[in-house]
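Close look at the chain arrangement
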Amino acid sequence: MDILAKYDGLAERRDLMLEAGANPFGLRMEKVLSPTEALVNGRRTLLVGTNNYLGLTFDPHCIAAGVKALQEQGTGTTGSRIANGSYALHEALEEAIARFLKRKSAIVWPTGYQANLGMIAGLAGPGDTILLDADSHSSIYDGCRLSGATLVRFRHNDPADLDKRLARLRRQGAAENGALLVIVEGIYSMLGDIAPLPEFVEVKDRHGAFLLVDEAHSLGVMGVCGRGVAEAQGIEAGVDFLAGTFSKSLGAIGGFGVSDHPHFERLRYCSRPYMFTASASPASIATVIAAIERIEQEPGLIKQLWRNAEALHSGLAAEGFEIAAPVSPVVAVKLPDERLAVAFWNALLQAGIYVNLAVPPGTPNNSCLMRCSVSAAHTPEQIQGVVRTFVEVREALDASAPAS
Amino acid sequence: MSDTEQTVYDTVCELLQRYNREGRELRPETDLNAELNIDSVAAMDLIMEIEDKFDIDIPINLVGDLRTVKDLVATVRSQQEGA
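Residues numbered from 1 in each chain as written. Chains lettered and ligands numbered in written order. Predicted model: local features only at pLDDT ≥ 70, side-chain atom pairs only at ≥ 80, totals over all residues. Heavy atoms only, no water.

**Some words on the sheet that holds strand E9 (residues 241-245) of chain A**
Residue and element names in this part refer to chain A. Strand order in this open sheet of seven strands is E4-E10-E9-E8-E7-E5-E6, and the pairing throughout is mixed. Two strands close off the open sheet at either side, each with one partner strand: strand E4 (105-109) and strand E6 (150-154). Mean inter-strand twist for the sheet, computed between neighbouring axes without regard to direction, equals 20 degrees. Where strand E5 (residues 129-133) and E6 come together, five bridges link them in parallel fashion. Across the sheet, Ile-130 pairs through a bridge with Leu-151, a residue of E6. Together, E5, E6 and strand E7 (180-185) form the strand contacts of helix H7 (residues 159-171), whose direction differs from that of E6 by roughly 150 degrees. (Pairing = 2+ DSSP bridges. Helix = DSSP H or I, 4+ residues; strand = E, 2+ residues; numbered from the N terminus. Axes fitted to C-alpha atoms, helices over the stretch in contact; angles between N-to-C directions. Contact = heavy atoms within 4.5 Å.)

Dropping the structure here:
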């Protein structure tokens, strides 16, 4: 039997999708022009699906820092931090993150995916029990599997369901021989809905569990200072561990974990995804440090992002589109089925607008979404243009649909 | 099958009906994936319904080994005993 035959079903579904137009999961940008525009198929295309929340990818201060590090310290580190040593820059970044998030310790990983793997598999192990939100990102599921802990899902954003399960697990003795770790996200990436952290903190405290919050989509986005949902909801002291990424609001690549736990630094020699990977390149690290400085110096960026999010959300809602969650920089428009979603996505791209097509199994509740992510760098005219184009595409597809 | 096992089996079959789109006759040996088309994502939803119904937790670690209706019933029983 062919080793890749197991993917035949998926491949058929993908081929069907390609018959409808461009490849939603393999878009090629010939040239990126700015945080909000790229050339796609030779056409100037507005980017509304890049998670570039603060538009920092072309920030002159960040670029200058990256260029300087590249010239002075070379292209790569060629090894892992435990085997080949850390650069002073790695430690400077960890200090910058700890300072920014007001935590005792920070550890960085080369990608956000690895940060979740490293945090989860570093914190939990066989004998421990992890309770994870059912709608968690794949990196959380993969980290959980790598940990070897017992894994129990609870209903999405449902502190009462978590409470019920923690009580049941404790009755069965789960807390006697191991630790209990609850994992949630700040903003959920597909729908843009936000976790009720104070309620989760109350529940986990009552049951003596630890809480890890993944702020991948909320760092630099939520809270007056950009420290995430925990800051916005005034509950930072109740969150034991935070994880996040540099590849969204900070416009670079990499991920981190922070904590005030006195033994948090043990992850440096106990977390396999930290130990057995090459460390991030000097240029990547330097741009992240510069991006954190930009957020610290310019809280106006976050305000601009929310003005744009509000404008896109209310503009689309006023035109009768169904949006999956209240206002956040992720604006996910619900469509009734996959066929229409693929046609809609292609029509938007042909009209010069790139959003994310999100379909099952990558979405909660089998939803089909035109997922938009808003940037502080979008202009009001660009946001209005997105709303106008959504309306035009809907009209064109309605006109071409067979009468029922 | 004991009475308890029969009750669990009947309840599991009831919960499976929503996934049984082709109206197949459910047997203990019915294969969840091959015969009922329950993929890994649908399996997660099904497990949550079963957990709520029986007031138990079924760790994800066990889900990969659940192939048939009989496996589901056995897992519910063993988790009930552990509770």
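**Quick look at the interface of chain B and chain A**
Contacts between chain B and chain A engage 15 residues on the former and 17 residues on the latter. Buried surface at the junction of chain B and chain A, both sides included, amounts to about 1400 Å², of which 48% is carbon and sulfur. For the chain B face of the interface with chain A, the top three residues by lost area are Met-48, Asp-57 and Ile-60 of chain B, together amounting to 42%. Residues Arg-168 of chain A and Asp-57 of chain B are paired through a salt bridge, measuring 2.9 Å at the closest nitrogen-oxygen approach. Counting the contacts that link chain B with chain A gives eleven residue pairs in polar contact (both at pLDDT 80 or more). When residues of the side of chain B that touches chain A are traced back to their parent elements, those giving at least two are helix H2 (40-54) and helix H3 (60-63) of chain B. Among the elements that take part in the side of chain B that touches chain A, H2 of chain B stands out by supplying seven residues, more than any other. (Buried area = accessible area lost by both parts, 1.4 Å probe. Salt bridge = Lys/Arg side-chain N within 4 Å of Asp/Glu carboxyl O. Polar contact = N/O pair within 3.5 Å; in protein donor to acceptor, adjacent residues only side chain to side chain.)

**Some thoughts on the side chain of Asp-161 of chain A**
Relative to the helices and strands, Asp-161 of chain A is located in helix H7. At a separation of 2.7 Å, a polar atom in the side chain of Asp-161 of chain A contacts the main-chain amide nitrogen of Arg-155 of chain A. With near-sequence residues (within four places) excluded, Asp-161 of chain A lies in contact with Phe-154 and Arg-155 of chain A together with Asp-52 of chain B.

**Thoughts on the environment of Gln-73 of chain A**
Along the chain, Gln-73 of chain A falls in helix H2 (residues 60-73). Between the C-alpha atom of Gln-73 of chain A and that of Leu-89 of chain A, which follows or precedes it by 16 residues, the distance is 9.7 Å.

**Re empty space enclosed by the protein**
Considering all chains together, one arrives at three cavities of 30 Å³ or more under this definition. Looking at the largest cavity, its volume works out to about 80 Å³. As for the largest cavity, its lining consists of Arg-81, His-90, Val-108, Trp-109, Pro-110, Pro-273, Tyr-274, Thr-277, Ala-278, Ser-279, Ala-280 and Ile-285 of chain A. When residues of the lining of the largest cavity are traced back to their parent elements, those giving at least two are E4 and helix H11 (272-275) of chain A. Residue composition of the lining of the largest cavity, grouped by class: eight nonpolar, three polar and one charged. In this structure, the second largest cavity encloses a volume near 60 Å³. Around the second largest cavity, the lining residues are Val-152 and Arg-153 of chain A together with Met-44, Ile-47, Met-48, Glu-51, Ile-58, Ile-60 and Val-63 of chain B. (1 Å grid on protein atoms, 1.4 Å probe; cavity = no way out; pocket = protein on both sides within 12 Å on 5 of 7 lines; lining within 4 Å. Points joined across faces, edges and corners; volume = space filled by probe spheres on them. Nonpolar A, V, L, I, M, F, W, Y, C, P; charged D, E, K, R; others polar.)

**Re the domain arrangement of chain A**
Note: interface size is frequently given as the accessible area lost on complex formation between the parts. Residue and element names in this part refer to chain A. Per the domain assignment, the segments making up chain A are domain 1 (5-48 + 299-400) and domain 2 (58-297). Taking the mean C-alpha position of each, domain 1 and domain 2 sit 27 Å from one another. At the junction of the two partners, domain 1 supplies 22 residues and domain 2 supplies 19 residues. A combined buried area of about 1500 Å² lies between domain 1 and domain 2, and 69% of that area is made up of carbon and sulfur atoms. The largest contributions to the domain 1 side of the interface with domain 2 come from Pro-299, Ile-302 and Pro-364, which together make up 31% of the buried area. At the boundary of domain 1 with domain 2, the tally comes to zero salt bridges. Put simply, domain 1 and domain 2 have three residue pairs in polar contact (both at pLDDT 80 or more) between them. When residues of the side of domain 1 that touches domain 2 are traced back to their parent elements, those giving at least two are strand E1 (31-34), helix H13 (300-318), strand E11 (330-335) and strand E14 (368-373). Partitioning the side of domain 1 that touches domain 2 into residue classes produces 16 nonpolar, five polar and one charged. (Domains from an automatic or database assignment.)

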